[in-house]
Amino acid sequence: MKILQNVMEQVISRNPGEPEFHQAVREVLESLEVVAEKHPEWVAAGIFDRIVEPERQIIFRVPWVDDKGKVHVNRGIRIQFNSAIGPYKGGLRLHPSVNTSILKFLGFEQIFKNSLTSLPIGGGKGGSDFDPKGKSDNEVMRFCQSFMTELSKHIGADTDVPAGDIGTGAREIGYMYGQYKRLRNEYTGVLTGKGLTWGGSLVRTEATGYGLCYFMDEALKARGKSFKGSTVVVSGSGNVAIYAAQKVHELGGKVVALSDSNGYIYDPDGIKLDTVKQIKEVERKRISEYVNIHTNATYTEGCSGIWSIKCDIALPSATQNEIDEASAKLLVANGCYAVGEGANMPSTPEAVEVFLKNKIIYGPAKAANAGGVATSALEMCQNSMRYSWSFEEVDAKLKEIMVNIYRNASSAAKEYGFEDNLVAGANIAGFLKVANAMYSHGIAY
Ligand code: NDP
Ligand code: 2IT
């Protein structure tokens, strides 16, 4: 980096102790150096300096009372990162690890991902260090209501539209939506991932996992490969992992492993998704339960061991930095030829380096997992129209969007001299539209 080195230095000094945020920004700025060379007017207008600084960060107290009457205090955060091309849009993560570094990395990535969808949505992310695991429904409800009591002052269908992410699924969105409606007396599309009887869109539940497979299918095809007959490892066993696995099976591949934060299961006969859905979606139990039902399968403690399983295609769909350099090397040594990121930033920079050097068909998160937020934008569209499309209609739109993202990332990579590097291609293609809009809007004094 030359032109953008000072931007990176400013990010590091202004955001001390935020390694995930630095990591996400560095990767993007490295790809954008060639864009900065071509667009001195964007450098002069401070586009690069401005895009790395959130427009607004809201941090608030979330008090709630557990079933025994004890008071707890969590921290709520919403990062409204960039609204150049539409209202802030991005999920809410509920996990004890949540902090400003993680939410700023996620909000920053969301700017480019949302731009890639070709739909009018800006970038944002939020959440809390609340841990839904082991909490009763009533405890989760009280937390969500308290969280929304403050968040409702800062969001709106044309301002900022949150959705799900780790720890935030249909149940949490329901409690939050109910509270927003109570407080504001508005029936509006302020959240996405809503239930089908109250404004949700068909396919939103499946969208991230399905979209990941549509994207990878296109990337595989371009290199003369396909899911048909392939052995696939998917990490995680949440929303993204389950529906990615379902689509892999539909496309003729076999998913042999899934994980959670405790460990992983291996089923050489192919994972039975009905069992996984029952354990994870209905009973909210651990993935280890699977081997009690399917005795051919094995369970191993520790989640990183999943990358030692021999596979053709890996779809990391749990969390950030889950594939390090050693795991990446192991995947490649075992013959893995494609990696598609369902999770956000699941590969460390060193792991990405291994994939690129070995010419792995590598679908970076911003592009490969954009199907979730794209379908959220389709949900917003249906809410605005007071109308709903059929499953087939939404699914066809999702597929078209994912194929276009692949094509745009791939052609931007070629145009800027990074042929076959979808990391650079996605970063550049996502950035151009946002930079153009920011430049048109002028600089606010
Ligand atoms: P869920 O909460 O439904 O599932 C998360 C899964 O990942 C669980 O199996 C969980 O295991 C595991 N996991 C979470 N944190 C860790 C950790 N620190 N170490 C190991 N495993 C972990 O979330 P989603 O499926 O929605 O999200 C998964 C990933 O996909 C995230 O990176 C998210 O940002 C990304 N994503 C999600 C989208 C969506 O629409 N939902 C859209 C695009 C990206 P356990 O139960 O043990 O915690
Ligand atoms: O990371 C993501 O893209 C999401 N969690 C989905 C965001 C959304 O607004 O649907």
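The following refers to the structure shown. These numbers come from a predicted model, not from an experiment.

Looking only at helices and strands, the protein chain features 17 helices and 12 strands. Whereas a compact globule of 445 residues would reach a radius of gyration of roughly 22 Å, the protein chain reaches 21 Å, a difference of no more than 12%. With respect to the principal axes defined by its C-alpha atoms, the protein chain has extents near 65 × 55 × 45 Å. Residue burial in the protein chain is summarised as follows: out of 445 residues, 57% are buried. Across the protein chain, contacts joining residues at least 24 apart in sequence account for 72% of those joining residues at least 6 apart. Accessible surface, the protein chain as shown: approximately 17900 Å² in total, 49% of it carbon and sulfur. Charge centroids of the protein chain, computed over 49 positive and 51 negative side chains, lie 2 Å from each other.

Right, let's get into the side chain of Ser 101. By the secondary structure assignment, Ser 101 is in helix H5 (residues 100-116). Note on Ser 101: relative accessible area 2%, which makes it buried. One polar contact links Ser 101 to Glu 20, side chain to side chain, over a distance of 2.6 Å. Excluding residues within four positions of it along the chain, Ser 101 makes contact with Glu 18, Pro 19, Glu 20 and Phe 21.

To continue, consider the pairing of strand E4 (residues 123-128). Taking burial as the measure, the six residues of E4 include six buried ones, the bulk of the element. Neither face of E4 is open: one carries Gly 123, Lys 125 and Gly 127, the other Gly 124, Gly 126 and Ser 128, and all of them are buried. One ladder, built from six bridges, connects strand E2 (residues 71-82) with E4; its direction is antiparallel. Each residue of the ladder has a partner; that of Gln 80, found in E4, is Gly 124. As paired strands, strand E3 (residues 88-94) and E4 are joined by three bridges and run parallel to one another.

Bringing the site of ligand 2 into the picture now. Lining the immediate surroundings of ligand 2 are 14 residues, of which Lys 89, Gln 110, Lys 113, Arg 204 and Ser 376 lie closest. One nitrogen or oxygen atom from the main chain of Gly 164 is found 3.1 Å from a nitrogen atom belonging to ligand 2. Asp 165 places a polar side-chain atom, nitrogen or oxygen, 3.0 Å from a nitrogen atom of ligand 2. Only E3, H5 and helix H15 (371-385) provide two or more residues apiece to the shell around ligand 2.

For the rest of this paragraph, the subject is the pattern of salt bridges. For the structure on display, the rule yields 20 salt bridges. We note a salt bridge from Asp 165 to Lys 125, for which the minimum N-O separation is 3.0 Å. Of the two residues, Asp 165 sits in the loop between strand E5 (160-163) and helix H7 (170-184) while Lys 125 sits in strand E4, which places them 40 residues apart along the sequence. Across the pair Lys 285 and Glu 283 runs a salt bridge whose closest N-O atoms are separated by 3.7 Å. Look at Lys 285 and you get partly exposed, because its relative accessible area is 39%. A cluster of three or more residues bridged by salt bridges with shared partners is formed by Glu 27, Glu 109 and Lys 366.

Looking now at the layout of surface pockets. Estimated volume of the second largest pocket: approximately 420 Å³. Along the wall of the second largest pocket there are 22 residues; nearest its centre are Glu 27, Glu 30, Pro 349, Val 352 and Val 423. Contributions of two or more residues to the lining of the second largest pocket are made by helix H2 (19-38), helix H13 (349-357), helix H14 (365-368) and helix H17 (422-441). Ranked by residue count, the leading element in the lining of the second largest pocket is H2, at five residues. Looking at the lining of the second largest pocket residue by residue, the classes come out as 10 nonpolar, five polar and seven charged.

Thresholds applied
- Residues numbered from 1 in each chain as written.
- Chains lettered and ligands numbered in written order.
- Predicted model: local features only at pLDDT ≥ 70, side-chain atom pairs only at ≥ 80, totals over all residues.
- Heavy atoms only, no water.
- Helix = DSSP H or I, 4+ residues; strand = E, 2+ residues; numbered from the N terminus.
- Rg over C-alpha atoms; globule rule 2.2 N^0.38 Å.
- Buried < 20%, exposed > 50% of the residue type's maximum accessible area, 1.4 Å probe, protein only.
- Contact = heavy atoms within 4.5 Å.
- Areas by Shrake-Rupley, 256 points an atom, 1.4 Å probe, with all protein chains shown as cover.
- Lys, Arg positive; Asp, Glu negative; His and termini not counted.
- Charge placed at Lys NZ, Arg CZ, Asp CG, Glu CD.
- Polar contact = N/O pair within 3.5 Å; in protein donor to acceptor, adjacent residues only side chain to side chain.
- Pairing = 2+ DSSP bridges.
- Near = heavy atom within 4 Å.
- Salt bridge = Lys/Arg side-chain N within 4 Å of Asp/Glu carboxyl O.
- 1 Å grid on protein atoms, 1.4 Å probe; cavity = no way out; pocket = protein on both sides within 12 Å on 5 of 7 lines; lining within 4 Å.
- Points joined across faces, edges and corners; volume = space filled by probe spheres on them.
- Nonpolar A, V, L, I, M, F, W, Y, C, P; charged D, E, K, R; others polar.

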